[in-house]
Amino acid sequence: MMTKIVLCYGDSNTFGYIPETGLRYPKEVRYTGRLQILLGDEYDVVEEGCNGRTTLYDDPIDGWKNGLDYLKPCLNSHKPIDIVVLMLGTNDLKTTFGLTAAQVADGVGVLIDVIQNFTTEKQNFVPKIILVSPPTIGINIKYSAFNEMFSEEAVEESQQFSTYYKEIAKQKGCIFFDAAQYVYPSEVDSLHLTPEGHRILAEKLSELVKIANQ
């Protein structure tokens, strides 16, 4: 039996950003690393998390964090990819972009189109896509070290993610998962997951990956 490749494409929560220090959780703590343990040797979990990554918008300071720009090279580097876990959108709610949850979801839809079209061309089959609606932004973001990047309006918009992501998943034929039902950001910075959040996310995603592989 060939090993199934699971690509986790996301931002700082996929990277494993530690809210207290800004460093990176050890592999066995990150949800991607825990997912690998739960799935076992039949799967190869590829970690592709980048702090600050957007869906398809150029940050005026860190333009290289545009998730659309890196998506095709990433897909080509790790092919053949069987399953994509896509969890992006939180950084699109930065004040600098001025976007709504609906607009962010539309950006995610563009990424899904790229995944489906590009893999059809480059590996002759389309991977199953698990679209993850990100955890909400914490209500205490105004007290966070990231308070200049995210307004309180971003908190409200993040609470609408699941509604719009679910519709995009339905339109594009993806498996939908609402992370906000199960995990919450740390009280330290209102953005990044705790070790417990990573554990829960890994457990829930492992179930979905197995379903996608059926």
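Report follows, based on the coordinates. All figures in this text were calculated on a predicted structure; none of them were measured in a lab. (Residues numbered from 1 in each chain as written. Predicted model: local features only at pLDDT ≥ 70, side-chain atom pairs only at ≥ 80, totals over all residues. Heavy atoms only, no water.)

On to the packing of aromatic side chains. Within the structure shown, the criterion is met by five aromatic pairs. Each ring, one from Y17 and one from F146, has its centre 6.1 Å from the other, and the planes form 65°; the classification is edge-to-face. On the criterion of sequence distance, the pair formed by Y17 in the loop between α1 (12-15) and α2 (31-39) and F146 in the loop between β4 (128-133) and α5 (152-158) is long-range, its members being 129 residues apart. Comparing Y17 with F146, the two get one shared label, buried. Residues F177 and Y182 carry aromatic rings whose centres are separated by 5.5 Å and whose planes lie at 10° to one another, so their mutual orientation is stacked. Among the residues examined, Y182 registers a relative accessible area of 33% and is labelled partly exposed. Across the ring face of F15, the terminal group of R24 is positioned such that the distance to the ring centre comes to 4.3 Å. Here the basic side chain of R53 rests over the ring of Y9, its NZ or CZ set 4.3 Å away from the ring centre. (Phe/Tyr/Trp six-rings, centres within 6.5 Å; stacked < 30°, edge-to-face > 60°. Helix = DSSP H or I, 4+ residues; strand = E, 2+ residues; numbered from the N terminus. Buried < 20%, exposed > 50% of the residue type's maximum accessible area, 1.4 Å probe, protein only. Lys NZ or Arg CZ within 6 Å of the ring centre and 35° of its normal.)

Moving on, we come to α2. Turning to α2, its buried residues are Y31, T32, G33, L35 and L39. Looking at the buried residues of α2, the elements they touch are β1 (4-10), α1, β2 (43-49), β3 (83-87) and α7 (195-212). Trailing α2 by a residue or two, G40 shows a phi angle of about 85°, which is positive. (Contact = heavy atoms within 4.5 Å.)

Moving on, we get to the nonpolar core. Counting 39 residues, the largest nonpolar core has L86, I112, L131, I137 and F150 as the members making the most contacts within it. At nine residues, the largest contribution of residues to this core is made by helix α4 (residues 101-122). In contact with I112, not counting residues within four places along its chain, are L86, I129, L131, I168, K172 and C174. With 23 residues, the next largest nonpolar core counts Y31, V183, L205 and A212 among its residues. (Core = buried A, V, L, I, M, F, W, Y, C linked by side-chain atoms within 4.5 Å.)

In this section: the environment of Y17. For Y17, a relative accessible area of 16% translates into the label buried. A C-alpha to C-alpha distance of 14 Å links Y17 and N91, two positions 74 residues apart in sequence. Contacts of Y17, omitting those with residues within four sequence positions, involve S12, G22, L23, Y25, N51, F146, D189, H192 and L193.

Among the six residues that make up β4, five are buried, leaving the element largely enclosed by the rest of the structure. Pairing of β3 with β4, which is carried by four bridges, proceeds in the parallel orientation. What sits directly across from V84, in β4, is I129. Tracing the backbone out of β3, into α4 and back to the parallel element β4 gives a crossover that is right-handed. In the sheet, β4 pairs with strand β5 (residues 175-178) via four bridges, with the strands oriented parallel. Across the sheet, L131 pairs through a bridge with F176, a residue of β5. (Pairing = 2+ DSSP bridges. Right-handed = clockwise from strand over helix to strand, strands pointing away.)

Moving on, we come to the packing of α4 against helix α6 (residues 161-172). Packing of α4 against α6 leaves a shortest axis separation of 9 Å and a crossing angle of 30°. Overall, the two elements α4 and α6 adopt an arrangement that is roughly parallel. Note on packing geometry: the crossing formed by α4 with α6 is right-handed. Each of A101, A102, V104, A105, D106, V108, G109, I112, D113 and Q116 in α4 lies in contact with α6, whose residues at this interface are F161, Y164, Y165, I168 and K172. Here the residues of the contact of α4 with α6 sort into ten nonpolar, two polar and three charged. (Axes fitted to C-alpha atoms, helices over the stretch in contact; angles between N-to-C directions. Parallel < 35°, antiparallel > 145°, perpendicular 65-115°, else oblique. Left-handed = near helix turned anticlockwise from the far one by under 90°. Nonpolar A, V, L, I, M, F, W, Y, C, P; charged D, E, K, R; others polar.)

This paragraph deals with the pattern of salt bridges. Inspection of the entire model under this criterion finds eight salt bridges. A salt bridge links K94 to D59, with the shortest nitrogen-to-oxygen separation between them at 3.9 Å. Of this pair, K94 sits in the loop between β3 and α4 while D59 is found in the loop between β2 and α3 (67-78), placing the two residues 35 residues apart along the sequence. Both residues of the pair, K94 and D59, count as buried. It is possible to trace a salt-bridge network through shared partners that takes in K27, R30 and E47. (Salt bridge = Lys/Arg side-chain N within 4 Å of Asp/Glu carboxyl O.)

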